[in-house]
Each structure stands twice: as C-alpha cells, then as structure tokens.
Amino acid sequence: MVKPVWIFLLFCFFSGPFMAAAVAAQKKTYVVHMAKYQMPQTFEHHLHWYDASLKSVSDTADMIYAYKTVVHGFSTRLTAEEAQRLEAQPGVLAVVPEMRYELHTTRTPQFLGLDKNADLYPESTSTSEVIIGVLDTGVWPESKSFDDSGLGPVPSSWKGECESGTNFSASNCNRKLIGARFFSKGYEATLGPIDESKESRSPRDDDGHGTHTATTAAGSVVENASLFGYASGTARGMAARARVAAYKVCWAGGCFSSDILAAIEKAVEDNVNVLSMSLGGGISDYYKDSVASGAFAAMEKGILISCSAGNAGPSPYSLSNTSPWITTVGAGTLDRDFPAYVSIGDGKNFSGVSLYRGKSLPGTLLPFIYAANASNSANGNLCMTGTLIPEKVAGKVVFCDRGVNPRVQKGAVVKAAGGIGMVLANTAANGEELVADSHLLPASAVGQKSGDIIRKYLISDPKPTVTILFEGTKLGIEPSPVVAAFSSRGPNSITPQVLKPDIIAPGVNILAGWSKAVGPSGLPIDERRVDFNIISGTSMSCPHVSGLAALIKGAHLDWSPAAIRSALMTTAYTAYKNGQKIQDIATGKPSTPFDHGAGHVDPVSALNPGLVYDLTVDDYLDFLCALNYTSSQINSLARRDYTCDSGKKYSVNNLNYPSFAVVFDGVLGGGSSGSSVVKHTRTLTNVGSPGTYKVSISSETKLVKISVEPESLSFTKANEKKSYTVTFTTTTGSSAPPSAEGFGRIEWTDGKHVVGSPIAFSWT
C-alpha cells in the first residue's frame, strides 16, 4: 500500500555487507557549484573538468546529476573530508550538503471573484499558451481535471516531453497535461532503489498531493465535482485553460535538493512560464538553498516562481522560501465550512468540522471516554498507534487531543481499538482553527475552547455521553478569509529587510483533483477511492497564486515575474468589506503583515494594477552585494563572473520590492534618548493609462514618522518610470517600544487605482 508523503515517515535502509554499509553511511550527497568560466583550457568540455575535479578527491564517487542551466556544477556523494578537499580545489565555488524538503476547487473561483469577471481574462486565447510547471509528487493523468477538450495544439514554445516509467507511458499526456517527468537519482543515492511494488518509478502520482496542486493551479472545468457530496459544484483551476507540466521530485521519503535542482533545470529548458513548488526545507542563506539557487536562474529566464510559506505557524520566524525572487504564499480560509456538531450529556452543543461520509451515529447519546483514561501510555491522550486499551474503548466515542500524529490517523487508531466515533480537540498550538478531514469513522474536530469544556465534562461526569451530527456543506461563513493558524509567519529570518510572506491565498479545506492510488485520508488502510479530495496547507495556497500568475501572464505577455508579483501584492486587500482588518485565527485579533504579507490576493484587481514595482536581474545582484556576499557566493547563484563595484554603495533597503520591512538598529532601550533614520528608495512603472498618483500614509505606531518625497508622481505614457524616497524616523527615550514591531501602509492612487504597500517596523 502506498504511503503518502505528507504523513511523516521514518526510513531505515540497510544494504550490502556491514562494512560497505558503514562506509556508505559516512557519505552524504552534496551539490557542487563550479565557476564554469574558470575552466582550464586543457579541458575540451566542462563535464570533463567536473569529472576530473571529482576524481581528484575520490576514486569511487560518481556524478548523480550534472547541471548546466540553473547551476553550474554537479551533485555527488562524498565523505565530509572529501567534500572539504573538493571545496578547496580551484574553480569550486561551494560544496553544499543536500537538503531534504517536505511537502507542506469548487468554491475558490467564486470566492476570488473569477466567476463574475471571467470576461476580463482572455482565457480562450493567450492563457492557453501559458505553461505551469508543477514540482511535486507527480500526476494522476486520468483525472477529469486534465481533460483537454476545447484546447488547441500544444504551444510551439514547449520543449519538454512525457517520460515513460512504472504505470505511466507517453500516451498519458495530452493537450492539457503536456509534459511529465520524474527525478529520483538523488533520492535513490541516499535511500536506495525505489520499491516499485509500492511506488511508481515514473511521473505517476501515488500520493495525491501533486495532482491536487496541479489541478488547483490549472485544472480543467469539471461539473458535479465533490468529495462524498461535500463542496459540490463545478471544479476548475485558477487558470483553467493553461497547460500543465508535471515534474515528480517528491517520494515516500521526501524531496531531495539534487532532484529538485535537476527538475528546475528541465523546467527552464522546457520553457515553462510559471513554476509552482509547494515544498520547503530548512532555512539557510540563499546560496546554500537549492530551491533559491534554481529559482534565481528561472527568474532570469522570465519564469515566475511561486512557493508555499510553510505550515509551521503561528510561530514567528517560521517561514521557508524567503528569497526575494520567489513569491512566498501563506494560507487563508474560504467562506465555506463543513459543520459537525458535538452534543454532550449535560445539554451543551459545540461546533466542529468533518468530512466523514458513511454510516452516522445513532441520534441517541452514546458512551464517551477521554483517551488519556483509556490508555497506559503517558501520551495516551494523543491516540497514537497502540496506546488505547480496547476493553475500555470498545463501543464508545473517544475524545483525542490534537498533536504529534496525523489527525486522520487518530481516528483510525480509535476504530482499530473498537471505538465507534471520535471527538478531536485542538490544543493551544492550534487554537480555534478547524481543519476538516475525511475520517474513517464518525468524527468531529473542535477548537481549543470547546475542547477544554468537553474535557472537563469527561473528567467530572461519572457517565459521560455524546453524539455527533453531520450537517454537510455550509457557505457564507463570516468572517472570511482569516489567516490560517498553521500558515508560517515572518519576520524573514534570512533578510529582515524583505517582508515575507508576500501574500496569502486560499489554503484551508480546498477541493481539487486526487490520485486513485490512495484514499482521501492518505492512510494505507483507507480503501476508498475518489476523484477529488479536500485538504489544507500552504501547499494549497501556493498553486492558487501560480494559476493566478498564469492568468496575468496570459493577459500581459511582456510582464516580468516581478511585475506580475507586484500586481498581485499591491492590489491585495487587508480588510473586510465592513472595514475591519483581516483576522488571524490563531489569536482572534487583526492579522499583521508578518502574517498576511501584502494581504489576501484579489485577482480581478491585479489584472489592472495601474503601477508596478519591477525588478531586473541586476537589481537582485545589487541586493546580494548589499548582503556582503562574497564573489563565490554570488557567483554560485549568478553562474558567471560577477564582482560587486567597490566604489558603489549598496543598500538592501533599495531593492525595488512592493513592500517595506524597516529595521531600526541600536535604538531599542539603551537608557538615553536617541533617533534612527532609515531611507528606502522605490521606482514605479506605469502599466496603465496616463495619470497623476498621490501618496497617502498610515501608521499604527506613533514611534515612527514617515515622509515620502515627492508626494505625487505624474505619468504621461506607458512603461514610464518614476522614483520616490520614503524616510522613516524613530525616536526612543529611556524605555523601549511597547512592542518590538509596528505596522503601517503606503498607498498611491490616481482615483481609479490603489497601489498599496504594507510596512513592517522592527527594532533591534
């Protein structure tokens, strides 16, 4: 039975004699960045030079991949000592240890306003020329969401192919799914050969995640879509007529950076227009991050890269994919819910959520037990495998606390022990956020406050009882959107002066296509098979933005990735129609730019933003110089001999980003009054009609004075550029600010367009 990637797995891999295994265990995979321009003239080809460099430190090491487009270099397996010796070789820029990355609809088009404004987007023509490359767990080509009816020939720009492999052939592609590839060499070098009886060594998606993300971005229109009747309606991706190219880089044991780099390289060579990557790893400097390295090269080729922010919220500094050439997407909710009410014996009722579809519980009250009281384990309250005592659970509804193991697995554990239902309660880590799951038994998830009340009842009542009532699908939930508690948050731990995430998009309870190789719960014991599934995560919000970027690209073929991102960011909204600010469900309070970035995406407004903040490759190189990166570090990203100008003054604050992250150094506390001045320079490009834009400033803190010079910008023609400077001045006395952060906003308007930028202040 296939094990889904998004359920945490541990692998132990043993092969060969003990001594061989011991030697192999000492080796790790490294990505080696080479200064190709420094190749000695004695070599006819750079691959010969790479091989000679490798053989000079190891007689046995082979190249796993040789890279020529997104990085110059190769990946290989070496001991730590060999890696150190290789890094000292002439022409070797860096030897970076491989990282393992992990994976982080029917209602969404209406919620985003696309159904009412379909005529605004020229979907039938130019959008069908846009190709979205999806790096994920592969694709289920038989999904109705890949129907190519009504699509014209494959775009002439396409250079890719449809690879054959286990359970997959070239004939599985069509005019919608125009390409599919798989990358497993890095994975297999570390964990050994893929077990083809459990996992397809091909582009086929045995997990579901890849099909879900690809169809969210660009799934064809499918009528009467639902999951067991939940979220029924017409399913469509954000760019329903765009083409899809699938690149399988994630396997049961994770997604390895050597494979991800190889896939990005192929996607660039294949001529995709948008790259969607719902995956992330640890947080490291840009030149050490393979996703950032590959994305830099893709950006140079005019490809927009959309990545998930991660699911480590609501903790601060929890973001991944923080580089400024990546569009980083957090998650918000829709105005749709799947209520499942919990009624307990003392007459109290609680709102929960569930996607359970099967034989319901009797309408009468049933015996109820707290898992901690039905277990001999110290963590019995978590309903982990093997921790429940069947004699105490049989015939009862079990109350489980959320945490550690997957939510759906808790229900499976209850069912295996003889339980007939489950109430799953959030703890402080999740607060009131409710995520619906396709449980294997009657179950409802409730928020922390409800869970605390129910738990007290269970402990105090000698004969507790309960029942669960399932109500199906409910629309019009208010307020919506709210920032998901799991959505990773800023500040940006690598470069605090670049605000991340960039934006939020729908990422909670999203319906999209699914793999027939696995059930909707993702559990191996789940034998149900569905065409569509409802799941949650920033993995779901990322492809929303990927698809919307494809729509904008189709309407504005000459726009750069930075211009498209700017359009999405500066038109995003941060308040509901009643004027109240978008809530953070983790706190119940207004969210901040560290939670929502520029705000929630508004694709209709993004089509006509008026002005954009554009960026070139040179701007990003200046940014790297401002970070005081060494020549080797910059060149590993730039892939050419680039040297910062010693006579030029570089500033991170001058990166032409559509948001402002203002860092005041050395003015926090200190006992005496002091002031700090930070200046940011920006340039706006006119992509609308001629007009004069005037600035307005708002700030939530009195500790910072903001001034903009000039206060108005007049544009007389298309693509005209105008610059302005913002001066931020803070003064602190003997006491520190009440909070080490604060927020504001700058808006430029000509009466028709509003070009908004969030401001986040922090004091160090």
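What you see is a predicted model, and the numbers here were worked out from it, not measured in a lab.

On to the overall build of the protein chain. A tally of helices and strands in the protein chain yields 17 helices and 40 strands. If one aligns the C-alpha atoms of the protein chain with their principal axes, the spans along those axes are about 80 × 65 × 65 Å. Counting over 764 residues, the protein chain shows a buried share of 61%. For the protein chain, the exposed area adds up to about 28,500 Å²; of that, 51% sits on carbon and sulfur atoms. Across the protein chain, the 66 positively charged side chains and the 68 negatively charged ones have centroids separated by 4 Å.

For helix α3 (residues 80-87), the complete set of buried residues consists of Glu82, Ala83 and Leu86. Buried residues of α3, viewed axially, fall in a sector of 100°; they line one side. Across from the buried face of α3, at angles greater than 90 degrees, the exposed residues are Ala80, Glu81 and Gln84. Considering only its buried residues, α3 is in contact with β1 (28-34), α2 (46-55), β3 (73-78) and β4 (92-97).

In this section: the sheet that holds strand β27 (residues 503-506). Read from one edge of the open sheet, 7 strands run β7-β10-β6-β13-β15-β16-β27, paired in parallel fashion. A strand with exactly one partner marks an edge of an open sheet, and here the two such strands are β7 (177-182) and β27. Here the average twist between neighbouring strands, direction ignored, is 25°. As defined by bridge partners, strand β15 (residues 304-308) adjoins strand β16 (residues 327-332) across 3 bridges and the pair is classed as parallel.

For serine 226, the position within the fold is in strand β8 (residues 222-227). Judged by relative accessible area, serine 226 falls into the partly exposed class, the value being 23%. Separated by 102 residues in sequence, serine 226 and threonine 328 place their C-alpha atoms 29 Å apart. The residues contacting serine 226, other than those within four sequence positions of it, are Ala231, Ser232, Leu511 and Phe532.

It is worth spelling out the state of the cysteines at this point. What is meant by a disulfide is a covalent connection between two cysteines, made through their sulfur atoms. Here the structure, examined in full by the defined rule, presents 4 disulfides. Put simply, cysteine 383 and cysteine 400 are joined by a disulfide, and their sulfur atoms are 2.0 Å apart. The disulfide joining cysteine 383 to cysteine 400 has a torsion of about -85° about its S-S bond and is therefore left-handed. Taken as a pair, cysteine 383 in the loop between β21 (366-370) and α9 (390-393) and cysteine 400 in strand β22 (residues 397-401) lie far apart in primary sequence, 17 residues in all. A single burial state applies to cysteine 383 and to cysteine 400, both of which are buried. Here cysteine 625 engages in a disulfide with cysteine 644; their sulfurs sit 2.0 Å apart.

Considering every residue of the protein chain, the mean pLDDT works out to 91; 92% of them sit at 70 or more. Considering only residues more than four positions removed or in separate chains, one finds that residues 1-24, a stretch of pLDDT under 50, has 35 contacts.

Counting residues in hydrophobic clusters, the biggest one holds 103 residues, and the most contacted among them are Trp325 and Leu624. Residues in contact with leucine 624, not counting those within four places in the same chain, are Tyr286, Phe296, Trp325, Tyr629, Ile634 and Leu637. Counting 56 residues, the second-largest nonpolar core is a separate cluster that includes Val423, Val446, Ile454 and Val530.

About the thresholds
- Residues numbered from 1 in each chain as written.
- Predicted model: local features only at pLDDT ≥ 70, side-chain atom pairs only at ≥ 80, totals over all residues.
- Heavy atoms only, no water.
- Helix = DSSP H or I, 4+ residues; strand = E, 2+ residues; numbered from the N terminus.
- Buried < 20%, exposed > 50% of the residue type's maximum accessible area, 1.4 Å probe, protein only.
- Areas by Shrake-Rupley, 256 points an atom, 1.4 Å probe, with all protein chains shown as cover.
- Lys, Arg positive; Asp, Glu negative; His and termini not counted.
- Charge placed at Lys NZ, Arg CZ, Asp CG, Glu CD.
- Arc of directions from axis to C-beta.
- Contact = heavy atoms within 4.5 Å.
- Pairing = 2+ DSSP bridges.
- Axes fitted to C-alpha atoms, helices over the stretch in contact; angles between N-to-C directions.
- Disulfide = S-S within 2.5 Å.
- pLDDT = per-residue confidence, 0-100.
- Core = buried A, V, L, I, M, F, W, Y, C linked by side-chain atoms within 4.5 Å.

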